[in-house]
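This is what each chain is made of:
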Amino acid sequence: MRSSARHKRLKLKSEINVVPYIDVMLVLLIIFMVTAPMINKNVDVNLPQANAKSLQDKKDPVIVVVDQDGKLYLTLGTDKRQPVDVATMQTKVGAFVKANPEVSVLVAGDRDGKYEGVYQVLAQLQQAGVAKVGLMSAPESGTKK
């Protein structure tokens, strides 16, 4: 009788206590939910709508965005959009186009912004040595009559 009692005391548990892991997981979930909106720093631009065909390009284009306030943002190939000033935009786009002459350069101007900002960007791109520039627009959502 004593040996069976001693045998039960020495028996090891083969269970895993998962409660601490659940607590850590919930803390990480809260941290990611709070920090995720802070990481995404996109600029909303209301593009004008047009009935134009979309371009089929093999390479990622260079995109210069002019927002409603006239601030410039640059996307080179697969890089993320970053704010730039006029001189930086000129040098970066000029160097990128010289390295890749077949790459498309597109300008996206906000629908509610001033045309002067887009015009200035077009002039600066011409001075940087860009021969062809396209203007971006959003596809029309419906027909207006």
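Residues numbered from 1 in each chain as written. Predicted model: local features only at pLDDT ≥ 70, side-chain atom pairs only at ≥ 80, totals over all residues. Heavy atoms only, no water.

### As for helix α4 (residues 115–127)
For α4, with 13 residues, the first-to-last C-alpha span of 19 Å sits near the 18 Å given by 1.5 Å per residue. Every buried residue of α4 is accounted for by Val118, Val121, Gln124 and Leu125. Around the axis of α4, the buried residues are gathered within 125° of arc, so they sit on the same side. Along α4, exposed side chains directed more than 90 degrees from the buried face belong to Tyr115, Glu116, Tyr119, Gln126 and Gln127. On the buried face of α4, the contacting elements are β2 (62–66), β3 (72–76), α3 (86–99), β5 (105–109) and β6 (134–135). (Helix = DSSP H or I, 4+ residues; strand = E, 2+ residues; numbered from the N terminus. Expected span 1.5 Å × (residues − 1). Buried < 20%, exposed > 50% of the residue type's maximum accessible area, 1.4 Å probe, protein only. Arc of directions from axis to C-beta. Contact = heavy atoms within 4.5 Å.)

### Focus on the pairing of β5
Across the five residues that make up β5, a large majority, five, are buried. A two-sided burial pattern is seen for β5, the buried positions comprising Val105, Val107 and Gly109 on one face and Leu106 and Ala108 on the other. Pairing of β2 with β5, which is carried by five bridges, proceeds in the parallel orientation. Residue Val66 lies in a different strand from β5, and its bridge partner there is Gly109. Note: β5 against β6, two bridges, orientation parallel. Of the residues in β6, the one forming a bridge with Leu106 is Gly134. Handedness of the crossover joining β5 and β6 through α4: right-handed. (Pairing = 2+ DSSP bridges. Right-handed = clockwise from strand over helix to strand, strands pointing away.)

### What about a nonpolar patch on the surface?
A cluster of nonpolar side chains, contributed by Ile16, Val18, Tyr21, Ile22, Met25, Leu26, Leu29 and Met33, occupies part of the molecular surface with about 850 Å² of accessible area. Along the chain, Leu29 turns up in helix α2 (residues 19–39). (Patch = residues over 30% accessible without salt bridge, like charges linked within 9 Å, V, L, I, M, F, W, Y side chains within 5 Å. Areas by Shrake-Rupley, 256 points an atom, 1.4 Å probe, with all protein chains shown as cover. Salt bridge = Lys/Arg side-chain N within 4 Å of Asp/Glu carboxyl O.)

### Concerning the packing of α3 against α4
As a packed pair, α3 and α4 sit with axes 9 Å apart at the nearest point and diverge in direction by 45°. As judged from the angle between their axes, α3 and α4 are oblique. Handedness of the crossing formed by α3 with α4: right-handed. Contact with α3, carried on its side by Val86, Met89, Gln90 and Val93, involves Val121, Gln124, Leu125 and Gln127 of α4 and no other residues of that element. Across the contact of α3 with α4, the residue classes break down as five nonpolar, three polar and no charged. (Axes fitted to C-alpha atoms, helices over the stretch in contact; angles between N-to-C directions. Parallel < 35°, antiparallel > 145°, perpendicular 65-115°, else oblique. Left-handed = near helix turned anticlockwise from the far one by under 90°. Nonpolar A, V, L, I, M, F, W, Y, C, P; charged D, E, K, R; others polar.)

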